[in-house]
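Each chain, written out:
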Amino acid sequence: MAGNESESFTSLIKKGNKSSLIASIGNSLLAIAKFFAGTISGSGALFASAMHSTADAINQGFVYIGSILSEKRPTPRFPTGFGRVINIFCMVAVIVVTVMAYETIREGWHLIQQPAEAGDGFWINVGVLVLNLIIDGAILVKAMKEINIESRAEAKGIAIVTGAFKNVGRAAPPTRLVFYEDLVAVSGAALALIAVIVISLTNFVLIDGIVTILIGLLMVGVAFRVGYDNMVGLIGVAAPKDIEERITGIILNDKDVTDINKIRILQEGRYYHVEARVELREGLSLAEADDIKMRVREDVLKDPDIADAGIGIIEDDGDIDWESKNQNS
């Protein structure tokens, strides 16, 4: 991220978020299958689930493109890089989810007012929804694993699930989007499956509209959560405490650094931008101090989560600024 080498299109594609690409392909296939089955059976719940899969496919494909663009290295015109581009793409995805949610809720209300008669194709509906649970379930597990990798959390077995919910806020925006959307997709498919089975066994046809509205409301929840996260990302949000501690540890580990006078670490997409003013021991020449500054910057940039670092230097003022700040926080 910090180098000046030319970038090839292929190298950028390889850096794109794999979870969003896989999710987009999977949800495209599911959307086609659900619309086909819903047309045969007239199931509103299946229609709602198809709308959700369509929204997911569009969003995740769009976000995958954004994740590629956000990996571009900083340029003289854009010195802090393109990390926040992904936040813009995710905000557009929020608009798509919101529109789809509105259409889904409206369809659910229509089905409550005018319940549709149970049509043919029970086993087609069940087969499609079971396929939905399998595909979206696999995508959700993949997203959970990515969350743990991106947050550097060691997790195996059931800890992958708990770790994903605990660390989702530290994952890259595309991974968070896939996680939230597929969490709802799995829940929506389960609700749609329940509605299809209940309607086939009873006369309670109102459940079709009720489930359709519930799926729409879940989509609204996703839109709000993802929208809030990316709005914060666009404004500029401070790095988590553990990232701050890791970077300050790297800086203070240098033998010539006596203190950190000031530091700010902002999240830029999936990476972080560091601005710090460090205090150096007394008696150094200008050339020596400049060499130390470059050495500290290079050490910070070795961290894979850091995209860029600006290091300023001053002479030790005799006060311990960083420790006192931490004790008072």
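Residues numbered from 1 in each chain as written. Predicted model: local features only at pLDDT ≥ 70, side-chain atom pairs only at ≥ 80, totals over all residues. Heavy atoms only, no water.

A.B. asks: Which residues make up the pattern of salt bridges, and what values go with them?
C.D. replies: As enumerated under the stated definition, the model contains 16 salt bridges in all. For K255, the salt bridge is made with D256, and the minimal N-O distance between the two is 3.2 Å. Residue R264 pairs with E275 through a salt bridge whose shortest N-O separation is 2.9 Å. Remark: E275 occurs in strand β2 (residues 271-280) and R264 occurs in strand β1 (residues 257-268); sequence separation between them is eleven residues. (Salt bridge = Lys/Arg side-chain N within 4 Å of Asp/Glu carboxyl O. Helix = DSSP H or I, 4+ residues; strand = E, 2+ residues; numbered from the N terminus.)

A.B. asks: Explain the nonpolar core to me, using residue names and the numbers behind them.
C.D. replies: Generally speaking, soluble globular proteins have nonpolar side chains that are buried together. Ranked by internal contacts, the top residues of the largest apolar core, which has 44 residues, are F179 and M219. Residue contacts for M219: discarding those within four places in its chain leaves H52, A55, V97, M100, A101, T104 and V184. Grouped together as the second largest cluster of nonpolar side chains are 21 residues, A239, A276, I306 and A309 included. (Core = buried A, V, L, I, M, F, W, Y, C linked by side-chain atoms within 4.5 Å. Buried < 20%, exposed > 50% of the residue type's maximum accessible area, 1.4 Å probe, protein only. Contact = heavy atoms within 4.5 Å.)

A.B. asks: Any details on the confidence of the model for the protein? Residues and values, ideally.
C.D. replies: In this model, the protein carries a mean pLDDT of 83, and residues with pLDDT of at least 70 account for 93%. Of all helices and strands in the protein, the one with the weakest mean pLDDT is helix α11 (residues 321-328) (56), whereas helix α10 (residues 286-301) scores best (93). Within the model, the stretch residues 1-5 combines pLDDT values under 50 with eleven contacts to residues more than four positions away or in other chains. (pLDDT = per-residue confidence, 0-100.)

A.B. asks: Talk me through the pairing of strand β3 (residues 306-315); I want residue IDs and the actual numbers.
C.D. replies: Pairing of β2 with β3, which is carried by nine bridges, proceeds in the parallel orientation. Paired with V278 across the strands is I313, a residue of β3. (Pairing = 2+ DSSP bridges.)

A.B. asks: Let's hear about the pairing of β1: which residues, and what values?
C.D. replies: With respect to burial, β1 is a largely interior element, nine of its twelve residues being buried. Of the pairings in the sheet, the one linking β1 to β2 comprises ten bridges and is antiparallel in character. Note on β2: the bridge partner recorded for E268 is Y271. Counting the residues that bridge the hairpin from β1 to β2 gives two residues, and of these G269 lies at a positive phi of roughly 65 degrees.

A.B. asks: For the environment of V211, give the residues involved together with the corresponding values.
C.D. replies: Its location among the elements puts V211 in helix α8 (residues 206-235). For V211, a relative accessible area of 4% gives the class buried. Sequence-wise, V211 and S49 are 162 residues apart; in three dimensions their C-alpha atoms are separated by 9.8 Å.

A.B. asks: Run through the sheet that holds β2, naming residues and quoting values.
C.D. replies: Pairing is mixed across the open sheet formed by three strands, whose spatial order is β1-β2-β3. Sheet topology places β1 and β3 at the edges, where each strand pairs with a single neighbour. Put simply, the sheet's adjacent strands are angled 15 degrees from each other on average, direction ignored. (Axes fitted to C-alpha atoms, helices over the stretch in contact; angles between N-to-C directions.)

A.B. asks: Lay out the side chain of S70 in plain terms, naming residues and giving numbers.
C.D. replies: Looking at where S70 falls in the secondary structure, it is placed in the loop between α3 (44-69) and α4 (85-113). A relative accessible area of 7% places S70 in the buried class. Separated by 2.9 Å, the side chain of S70 and the backbone oxygen of S67 make a polar contact. (Polar contact = N/O pair within 3.5 Å; in protein donor to acceptor, adjacent residues only side chain to side chain.)

A.B. asks: With reference to specific residues and values, describe helix α6 (residues 159-167).
C.D. replies: Residues of α6 that are buried include every one of I160, G163, A164 and N167, and no others. Angularly, the buried residues of α6 cover 105 degrees about the axis, an arc narrow enough to put them on a single face. On its buried side, α6 packs onto α5 (122-150) and α7 (173-201). (Arc of directions from axis to C-beta.)

A.B. asks: Now, about a nonpolar patch on the surface: what can you tell me, with residues and values included?
C.D. replies: The grouping of F204, L206, I210, L214, L217 and V220 at the surface amounts to a nonpolar patch, some 480 Å² of accessible area in total. Inspection of the secondary structure assignment puts L206 in helix α8. Given the relative accessible area of 34%, L206 is considered partly exposed. (Patch = residues over 30% accessible without salt bridge, like charges linked within 9 Å, V, L, I, M, F, W, Y side chains within 5 Å. Areas by Shrake-Rupley, 256 points an atom, 1.4 Å probe, with all protein chains shown as cover.)

A.B. asks: If you had to explain the packing of α5 against α6 to someone new, which residues and values would you point to?
C.D. replies: Viewed as axis vectors pointing N to C, α5 and α6 meet at an angle of 65 degrees, and their least axial separation amounts to 8 Å. Remark: the crossing between α5 and α6 carries left-handed chirality. Contact residues: M144, K145, I147 and N148 in α5; A159, I160, V161, G163, A164, F165 and N167 in α6. Broken down by class, the residue content of the contact of α5 with α6 amounts to seven nonpolar, three polar and one charged. (Left-handed = near helix turned anticlockwise from the far one by under 90°. Nonpolar A, V, L, I, M, F, W, Y, C, P; charged D, E, K, R; others polar.)

A.B. asks: Explain the layout of surface pockets residue by residue, including any values.
C.D. replies: One number sums up the size of the largest pocket: a volume of about 450 Å³. Every residue lining the largest pocket is counted, 29 residues in all, and those nearest its centre are E150, A172, R270, Y271 and D305. Breaking the lining of the largest pocket down by element, the ones donating at least two residues are α2 (18-41), α5, α7, α9 (241-252) and β2. The greatest single-element share of the lining of the largest pocket, amounting to three residues, is contributed by α5. Each residue belonging to the lining of the largest pocket can be placed in one class, and the counts come to ten nonpolar, nine polar and ten charged. (1 Å grid on protein atoms, 1.4 Å probe; cavity = no way out; pocket = protein on both sides within 12 Å on 5 of 7 lines; lining within 4 Å. Points joined across faces, edges and corners; volume = space filled by probe spheres on them.)

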